[in-house]
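# A structural walkthrough
Here is what each chain is made of, one letter per residue.
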Amino acid sequence: MKSYHKELWFEVPTRRAFINITPQVERCLAESGIKEGLLLCNAMHITASVFINDDESGLHHDYEVWLEKLAPHEPVAQYRHNTYEDNADAHMKRQVMGREVVVAVTNGKLHFGTWERIFYGEFDGRRKKRVLVKIIGE
Ligand code: ZN
């Protein structure tokens, strides 16, 4: 069995953003040389997510509105976590949007459904953060 891993770095200039990282993940898969196996991709920070969904800007706007209703950033004093930080909402948004995805690798490609793409969800940006890609197989 072969094993491969790589850490991808992101520095989002805004507090929140959704970034399609499918091209970077596909480059990792090509580098790995693995044709059949499993790919894990996870955020290495507790205020960022990795998830799979549609690359459609209206949906991303809808996520932003929905997440702000669930866990509004302001007023920051509403959260006990916000003592020396102001990112309690980011922890909650991360929990809802998820930590990681696992994708089957078939014939050297990510075995997606038609509209599936991999996204990095940033909820407390303006600093460098990492995403782990781990691939095992043959
Ligand atoms: Zn925090």
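In this report, the structure presented in the accompanying data block is examined. Bear in mind that the values here come from a model prediction, so they are computed numbers and not experimental data.

## Regarding the coordination of the zinc ion
Within the protein, His81 (NE2), Glu85 (OE), Asn87 (OD1) and His91 (NE2) serve as the donor atoms for the zinc ion, at 2.0 to 2.2 Å. With four donor atoms in place around the zinc ion and angles of 87 to 164° between them, the coordination shape is irregular. Written as a sequence motif, the donor residues of the zinc ion are H-x3-E-x1-N-x3-H. With histidine 81 in the loop between α2 (57–70) and α3 (88–97) and histidine 91 in helix α3, the pair connects residues that are ten residues apart, well separated along the chain. A residue is classified by how much of its surface remains accessible, and histidine 81, at 37% relative accessible area, is partly exposed.

## Here's the deal with the environment of glycine 98
Within the fold, glycine 98 resides in the loop between α3 and β5 (100–106). Separated by 79 residues in sequence, glycine 98 and isoleucine 19 have C-alpha atoms that sit 15 Å apart. Every residue in contact with glycine 98, bar those within four places of it in the chain, is listed here: Ala48, Ser49 and Val50.

## Observations concerning the packing of aromatic side chains
For the structure shown, the criterion picks out six aromatic pairs. Where phenylalanine 18 meets phenylalanine 123, the ring centres are 6.1 Å apart and the plane angle is 75°; that geometry is what we call edge-to-face. Here phenylalanine 18 is found in strand β2 (residues 17–20), whereas its partner phenylalanine 123 is found in the loop between β7 (117–122) and β8 (128–137), with 105 residues between them in sequence. The pair formed by phenylalanine 18 and phenylalanine 123 is uniform in burial state, with each residue classed as buried. Site record: aromatic cluster; members linked through ring pairs are Phe18, Phe51, Tyr63, Phe119 and Phe123. Lysine 128 extends its terminal NZ or CZ atom over the ring of tryptophan 9, reaching a point 5.4 Å from the ring centre.

## A closer look at the nonpolar core
Residues Cys41 and Ile118 are the most contacted members of the largest nonpolar core, which totals 24 residues. Where this core is concerned, the elements lending two or more residues are β1 (2–11), α1 (22–32), β3 (37–43), β4 (48–53), β5, β7 and β8. If you look at the next biggest cluster of nonpolar residues, it comprises eight residues, including Phe51, Tyr63, Met97 and Phe123.

## Some details on the packing of α2 against α3
One way to put it is that α2 packs onto α3 with a least axis distance of 10 Å and a crossing angle of 120°. Taken together, the axes of α2 and α3 are oblique relative to one another. The handedness of the crossing between α2 and α3 is right-handed. Counting all contacts with α2, which are made through Tyr63, Trp66, Leu67, Glu68 and Leu70, the residues of α3 involved are Asp89, Lys93, Val96 and Met97. Residue composition of the contact of α2 with α3, by class: six nonpolar, no polar and three charged.

## Some points on the side chain of glutamate 122
By the secondary structure assignment, glutamate 122 is in strand β7. If near-sequence neighbours (up to four positions away) are discounted, glutamate 122 is found in contact with Val12, Arg15, Arg16, Ala17, Thr47, Ala48 and Lys129.

## Here's the deal with the pattern of salt bridges
Considering all chains together, one arrives at twelve salt bridges under this definition. A salt bridge links arginine 15 to aspartate 124, with the shortest nitrogen-to-oxygen separation between them at 3.5 Å. Of this pair, arginine 15 sits in the loop between β1 and β2 while aspartate 124 sits in the loop between β7 and β8, placing them 109 residues apart in sequence. Of the residues examined, aspartate 124 reaches a relative accessible area of 7% and is grouped as buried. Of the charged contacts, one joins aspartate 124 and arginine 127 as a salt bridge, the two residues approaching to 3.0 Å between their closest N and O atoms.

Rules and cut-offs
- Residues numbered from 1 in each chain as written.
- Predicted model: local features only at pLDDT ≥ 70, side-chain atom pairs only at ≥ 80, totals over all residues.
- Heavy atoms only, no water.
- Donors = N, O, S within 2.8 Å, 3.2 Å for Na, K, Ca; no water.
- Tetrahedral: all angles 85-135°; square planar, octahedral: opposite > 155°, others 65-115°.
- Helix = DSSP H or I, 4+ residues; strand = E, 2+ residues; numbered from the N terminus.
- Buried < 20%, exposed > 50% of the residue type's maximum accessible area, 1.4 Å probe, protein only.
- Contact = heavy atoms within 4.5 Å.
- Phe/Tyr/Trp six-rings, centres within 6.5 Å; stacked < 30°, edge-to-face > 60°.
- Lys NZ or Arg CZ within 6 Å of the ring centre and 35° of its normal.
- Core = buried A, V, L, I, M, F, W, Y, C linked by side-chain atoms within 4.5 Å.
- Axes fitted to C-alpha atoms, helices over the stretch in contact; angles between N-to-C directions.
- Parallel < 35°, antiparallel > 145°, perpendicular 65-115°, else oblique.
- Left-handed = near helix turned anticlockwise from the far one by under 90°.
- Nonpolar A, V, L, I, M, F, W, Y, C, P; charged D, E, K, R; others polar.
- Salt bridge = Lys/Arg side-chain N within 4 Å of Asp/Glu carboxyl O.

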